[in-house]
Amino acid sequence: MIGHESDSVPRKKPEPLDVGLNRVVLEPVTKIMRFEGIQWEVQKVVTGAIAGLLFGDNKEQKKSFYKSAVSRRNKETLLQLASQVYSYLDGTISEFADIDDYVFRVLTRVTVNKTDGRIVADPLFDVEIYKHFGKVSAKGVESKEYLNVLFIGGIGDQFIGPRMVKVLNKAVQEFKFIKFVPYKDPRAAPATVRTQAINNSPTLVIGDNAFAVKLKAAEDGTNFIYIDDGGNDFPITDEKDIVVFLSKKSGLKPDILRTATAFDSVERMDREIRDISKTIMGNVSEGAMEVELIESIGLDEAIGNLEQSLNLLKKRRLSDNMVAEVKDMERELVSAKKDYSRLRVDYEVASNELSNIEEKWKSNQITFEQYEVERWKILRSQGLTREKLVNLQANVKGVLTSRIYALISKPEPMEKAK
Amino acid sequence: MDFEITVEEIDKLVNQVNQAIGEVNDVVVRRELEFMKARLADMRVALLELENVEDKYLRGDVTTDNYFDRRKKLVRDFFIARDQILDTVVPNVTERASSSEVKGQLIKFKELLKDNKKFIDAGIDFVLTVVKSFIVH
C-alpha cells in the first residue's frame, strides 16, 4: 500500500480518567485494520484495557477475567458498539467507495466500574478512515503523501527531452497526487537519485522502482520510445500511455486520486489540506476554527467566480442548445449555493454548541457524562458537515467549473444568412 | 455562549436601517433594506428566545435534552438570518451601484458581516455607505 499513514508512530497512552462514583473512563485505540477486523479488534483492545486497569501485569488474573461473567456482559456491549461502527461506516463511505480501498482505526471511550471492570455507560467511538493514498478521515483530508516520480535524462539523449517531459507533465495533471521531478542530467541530480539511474539510459523512477527509457527503430524505419519493463517493451506513443504505465506500476486508481479538488495548483491544495488538518488536530481555537475551515474551502470565491462567468456567457450570442445548458448550469450553481449556506450554518452551529456545552460543564450545570455524550454527538455531526463541505468543494471547483469552462470555450454560433 | 451581539445593539442597527429606508430613493435598494430589517428582527427574536430558554433551563423548567434541542434551533435561526443579510442583501445592493468604486466599497461588507464581533459596526457602516450612494439630491 502506498502512502497510507504508517502505524509505527507510537501514540501516547492516555491515563484512565477518574470521573467519580467509582468509575473511570478508558480510551483504548485499535491498530489500523481492515473492515472485517473491526469487531474483533474493538473487543480485544477494550477488554485488554479493562483487564490492564484491574490487574496490571498479572497474566493469570487477566486470563480468568477474560472468562468471567462481567467480561461476557462487556462483550455484548462491545458487539453493539462494533455494529454501530459498521453502520456508521456504511453511511459514511460505502456509497462511493470500494471497502477494500480503505483501512480503519477505531478510537473508543468506555466508562468502567473501577472495582469489577463492568462497562457502565454506552461506549462511544470515533473512526479514522485511511485511504490507500494519503490519509482521509471521517473528518476530512488530514494529510497527503505524493507518489514520487523522477525522470533522469541521459547525457546526449536529445530525442527524449521535450516530448517525454510533455507526456510526464500531462500525467502529473491527470494524477493530482504525483510529484514529478525531472533531472535533465544525472550528474546534476542528488546522490540518491543518481544511484537509481540505469546505466546511461534515461530513467523513469516510480516510487522505488526504476525503469530505463529507450529508443527503438520500428519496422517502418521510424524511431519510437519505449519503457523497458523488465524485458517487456512498453511503447510510449502519447500521453495516455504514460498515464497507463504510472497507474499500472503504482497500483493507484485514477478515480481515487482524483477525489481532490481539480483545477487547483498542487501548492494551493497543500495549503487547503494543511488548513483543514489544522482544524482537525485542534491546533487552533474553536472560534478561529470554523472561520479557517470555511475560508480554506474557498467556496465563496469559487461560486462568485462561476456566477460571474455565467453572467458574461449570457451576454454572448448563444445557440438554443447553449442557452439551455447555461440555464442548467445556473440551476446547479443555485443549488450548490444553497447547500453551501446550509452547511456553513450547520458548521457554525456545531462550533457554537461545543463552546456552550463546555461552558455548561465547567460551571457544573451538566455532568461529565452528559458533556461527553453531547460533545461526541456534536463532533460527529460536525465531522459529517465538514466532509459534505469538502465534497461540495470538489463538486463546485471540479465538475461545475469544468462544465462551465467547457461552455465558455465553445465557439459562438455563426449568424444565419439573411 | 456569548454571540458578541446584544439585543440593544441590534435595536441600534435597526434604527439606522429605518432611517436609511426613509432616505434612499432606489426602490430595489429600499426593498433590500426592508429585508435586512426583517432579518435583524429574526436575529433579535432568536437572541431573546435564547435568553428565555437559558433562564428556564437554569430554573429547572426544561430538561437538558430539551434545552440543547431548542437552543440548537435558535442558534441556527440566528446564523441563518445573519447569513441572509450578507449573502442576499449585500450582493443585491452592490449590484445596483452605478460605479465600480462604490461596488468595491459595498462588497467588502460581505466579509466584515461574517464576523459576529464586527457585525454591528460593519452593519452601521454598510447602511451609511448605502445611504451615501443611493441618495439623489
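The sections below set out a description of the structure shown in this document. (Residues numbered from 1 in each chain as written. Chains lettered and ligands numbered in written order. Predicted model: local features only at pLDDT ≥ 70, side-chain atom pairs only at ≥ 80, totals over all residues. Heavy atoms only, no water.)

## Overview of the environment of A:Tyr226
Residues and elements named next belong to chain A. Let me state the cut-off plainly: Only runs of H or I of at least four residues qualify as helices and only runs of E of at least two qualify as strands under DSSP, and these elements are numbered from the N terminus. The contact rule is simple, with two residues in contact once any of their heavy atoms fall within 4.5 Å.
Relative to the helices and strands, Tyr226 resides in strand E11 (residues 223-229). The spatial distance from the C-alpha of Tyr226 to the C-alpha of Asp241 is 10.0 Å, given a sequence separation of 15 residues. Setting aside chain neighbours within four positions, we find Tyr226 in contact with Ala212, Val213, Lys214, Leu215, Lys216, Asp233, Phe234, Pro235 and Ile236.

## Here we look at the nonpolar core
Using the following cut-off: The nonpolar core is taken to be a set of buried Ala, Val, Leu, Ile, Met, Phe, Trp, Tyr and Cys residues, with the residues joined through side-chain atoms within 4.5 Å. Think of it in three bands: residues with accessible area under 20% of the maximum for their type are buried, residues over 50% are exposed, and the middle band is partly exposed, with areas taken using a 1.4 Å probe on protein chains only.
Membership of the largest hydrophobic core comes to 57 residues, with the highest contact counts inside it found for B:Leu33, B:Met36, B:Leu40, B:Met43, B:Phe119, B:Phe126 and B:Val130. Listing elements by their share of this core, those giving two or more residues are helix H11 (320-362) and helix H12 (368-409) of chain A together with helix H1 (7-23), helix H2 (27-59), helix H3 (64-96), helix H4 (100-114) and helix H5 (116-134) of chain B. The element contributing the most residues to this core is H3(B), with twelve residues. Apart from the residues lying within four places of it in its own chain, the contact partners of B:Phe119 are B:Ile5, B:Leu13, B:Leu40, B:Met43, B:Arg82, B:Ile85 and B:Leu113.

## Comments concerning the interface of chain A and chain B
Threshold: A 1.4 Å probe defines the accessible area here, and the buried area is the portion of it lost by two parts on being joined, summed over both. Definition used for salt bridges: Asp or Glu carboxyl oxygen within 4 Å of a side-chain nitrogen of Lys or Arg.
Listed as interface residues are 19 residues of chain A and, on the opposing side, 22 residues of chain B. In this assembly, chain A packs against chain B so that about 1,800 Å² is buried in total across both faces, 46% of it on carbon and sulfur atoms. Between the two partners, chain A and chain B, sit seven salt bridges. Between A:Glu348 and B:Arg82 there is a salt bridge, with its nearest N and O atoms 2.6 Å apart.

## Structural notes on the environment of B:Phe79
Tracing the chain through its elements places B:Phe79 in helix H3. When near neighbours in sequence (up to four residues on either side) are disregarded, B:Phe79 contacts A:Val345, A:Glu348, A:Val349, A:Asn352, B:Phe3 and B:Asn116.

## So, the packing of aromatic side chains
Put simply, the rule reads: Put simply, two rings from Phe, Tyr or Trp (the six-membered ring, in Trp's case) pair if the centres are within 6.5 Å, and we call them stacked under 30 degrees between planes, edge-to-face over 60, tilted for the rest. Any Lys NZ or Arg CZ found within 6 Å of a ring centre and within 35 degrees of that ring's normal is scored as a charge over the ring.
As enumerated under the stated definition, the model contains six aromatic pairs over all chains in all. Taken together, A:Phe55, A:Phe65 and A:Tyr66 form an aromatic cluster joined through their ring pairs. Against the face of B:Phe35 rests B:Arg39, its NZ or CZ located 4.6 Å from the ring centre.

## Looking at the pattern of salt bridges
Pairs can form between side chains of opposite charge once their charged atoms are near each other. Throughout the structure, instances matching the rule amount to 29 salt bridges over all chains. Between B:Lys114 and A:Asp300 there is a salt bridge; the shortest N-O distance is 2.7 Å. Highlighted residues: B:Lys114 in helix H4 and A:Asp300 in helix H10 (residues 299-315), drawn from two different chains. Under the relative-accessibility criterion, A:Asp300 is labelled partly exposed at 21%. Between B:Asp83 and B:Arg82 there is a salt bridge; the shortest N-O distance is 2.9 Å. Exposure remark for B:Arg82: the relative accessible area of 2% places this residue in the buried category. Ionic contacts of the salt-bridge type, sharing partners, join the residues A:Asp300, A:Arg344, A:Glu348, B:Arg82, B:Asp83, B:Asp87, B:Lys110, B:Glu111 and B:Lys114 into one network.

## Some details on the packing of H10(A) against H12(A)
Residue and element names in this part refer to chain A. So the rule is basically this: Axis definition: a line fit to C-alpha positions, over the contact stretch in the case of helices; interaxial angles, taken between N-to-C directions, run 0 to 180 degrees. Put simply, angles under 35 degrees are roughly parallel, angles over 145 are roughly antiparallel, angles from 65 to 115 are roughly perpendicular, and the rest are oblique. Handedness of a crossing is defined here by the sense of rotation of the near helix relative to the far one, left-handed for an anticlockwise turn of less than a right angle and right-handed for a clockwise turn. Side-chain classes follow a simple rule in which Ala, Val, Leu, Ile, Met, Phe, Trp, Tyr, Cys and Pro form the nonpolar group, Asp, Glu, Lys and Arg form the charged group, and the remainder, Gly included, forms the polar group.
Running from amino to carboxyl end, H10 crosses H12 at an angle of 20°, the nearest separation of the two axes being 10 Å. It follows that H10 is roughly parallel to H12 by the angle criterion. Considering how the two elements wind past one another, H10 and H12 form a crossing that is left-handed. In this structure, H10 uses Leu299, Ala302, Ile303, Leu306, Ser309, Leu310 and Leu313 to contact H12, whose residues at the interface are Leu389, Leu392, Gln393, Val396, Lys397, Leu400, Thr401, Ile404, Tyr405, Leu407 and Ile408. Looking at side-chain class alone, the contact of H10 with H12 contains 14 nonpolar, three polar and one charged residues.

## Here we look at unusual backbone geometry
You will see that A:Asn364, though not glycine, has its phi angle at about 60°, which is positive. Following the sequence through the fold, A:Asn364 ends up in the loop between H11 and H12.

## Re the side chain of A:Thr385
Residues and elements named next belong to chain A. Note the following rule: Pairing of N or O atoms within 3.5 Å defines a polar contact, subject to two protein rules: one partner must be a possible hydrogen donor and the other a possible acceptor, and residues neighboring in sequence count only if both atoms are side-chain atoms.
Within the secondary structure layout, Thr385 lies in helix H12. From its side chain, Thr385 meets the backbone oxygen of Ser381 in a polar contact 2.9 Å long. The contacts of Thr385, once residues within four sequence positions are left out, are Leu343, Asp346 and Tyr347.

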